[in-house]
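Observations on the model geometry
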Amino acid sequence: MAGAIGFTKLLTLVGRSVLSPDRPILAHLVVTRRCNLSCAYCNEYDRVSDPVPLEMLISRIAALARLKTAVVTLTGGEPLLHPSLGEVVRYVRSCGMNVTLITNGFMLTRERIQLLGDAGLQELQISIDSVHPDEVSKKSLKTLDRKLELLAKFAPFHVNINSVLGLSDDRAHEAVAVARRVSALGFSSSVGLLHDGGGKLKPVSRSQRQAYAEITKLARSMPHTFNYLLFQRNLIRGKPKDWRCRAGARYLYVCEDGLVHWCSQKRGYPAIPVQEYTLDDVRREFGTGKGCAPSCTVTCVRQASALDGWRRQRLPDPMRARGSGC
């Protein structure tokens, strides 16, 4: 699942959005494709890849800094499998960019939490899908509650817990239970809407809509409120929302091969190495329409594009023209 935004990251987003559209607000940087879990709904991992070498990541981070990127989110796979993650975090901060991390949380220890804090990590997000693990997802409250307690006690950085709706009707009440526990621990919370392999909304049932309303009462957090007002109130009712997606410009997805894509669900374009990505590329993708936008649930792209809706898009969707089924 895509990453939700915390308060610090939100302030950065707002500040940068009122400036030139030539600056990326958020980049997701894959540090390893490998994951220690195999959640059935996820298409963003494998079980065999080696971590991206540190020197390659440093080169890619330097390229993002050259583009004046505001926030870099380290992701995977499972980024805690990378042996040099602390050095990666520290280098992002040394380049003057904010740094956040998306993890499944299983490998968190007191020592790792302190290492990440010492390196300068500013925000960490975990998605929790259920109360008990099963064949669909291992990311459950039962398996992660001890890790949440460690974060509550030792994390010097912001923590956001994202619960997920759309997996099944049976899990709707479990998302509410997750939200209650998160609220008790004092973390910020948000809700992700499950998308298909193309990033589009999967149908949400009545019970899931009711769960969303209850979570909204519990959350009372900036990330959740922002997402609700931005797009989720439409999608949760099954209504598409017209908006101007700025993927490839305000938001960059840099895969394990170092190529820039629109997002994790729309790989294949523009597929340019981030070290070769230029201002011209940013400007082109800023103005390019995306046919997949109205029913998209990829939160990070929505957030990074949020305040640019008044600026025009003038170019046709290249993926649709190529017959991608976007």
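Structural data are supplied above this passage.
Attention in this report is confined to the structure presented alongside it.

Definitions and limits used
Residues numbered from 1 in each chain as written. Predicted model: local features only at pLDDT ≥ 70, side-chain atom pairs only at ≥ 80, totals over all residues. Heavy atoms only, no water. Helix = DSSP H or I, 4+ residues; strand = E, 2+ residues; numbered from the N terminus. Buried < 20%, exposed > 50% of the residue type's maximum accessible area, 1.4 Å probe, protein only. Axes fitted to C-alpha atoms, helices over the stretch in contact; angles between N-to-C directions. Parallel < 35°, antiparallel > 145°, perpendicular 65-115°, else oblique. Contact = heavy atoms within 4.5 Å. Nonpolar A, V, L, I, M, F, W, Y, C, P; charged D, E, K, R; others polar.

1. Topic: the environment of Val 260
Tracing the backbone shows Val 260 in strand E8 (residues 259–261). On the basis of relative accessibility, which here comes to 0%, the residue Val 260 falls in the buried class. C-alpha of Val 260 to C-alpha of Gly 248: the two residues are 12 residues apart in sequence and 7.2 Å apart in space.

2. Brief notes about unusual backbone geometry
Looking along the chain, the bond that leaves Gly 76 and enters Gly 77 is cis, with omega of 20°. Relative to the helices and strands, Gly 77 resides in the loop between strand E2 (71–75) and helix H3 (85–94). The backbone of Lys 68 shows a phi angle near 65°, a positive value even though the residue is not glycine. Position of Lys 68 among the secondary structure elements: in the loop between helix H2 (54–66) and E2. Lys 68 sits in the partly exposed class, given a relative accessible area of 46%. A positive phi is found at Ala 271, a non-glycine position, where the angle reads about 55°.

3. Comments concerning the packing of helix H6 (residues 172–185) against helix H7 (residues 206–219)
In the contact formed by H6 and H7, the axes pass within 8 Å of each other and the chain directions differ by 5°. Between H6 and H7, the angle is such that the two are roughly parallel. Residues Ala 172, Ala 175, Val 176, Ala 179, Arg 180 and Ser 183 of H6 lie in contact with H7, whose contacting residues are Ser 207, Gln 208, Ala 211, Glu 214, Ile 215 and Leu 218. Its residues placed into classes, the contact of H6 with H7 shows seven nonpolar, three polar and two charged.

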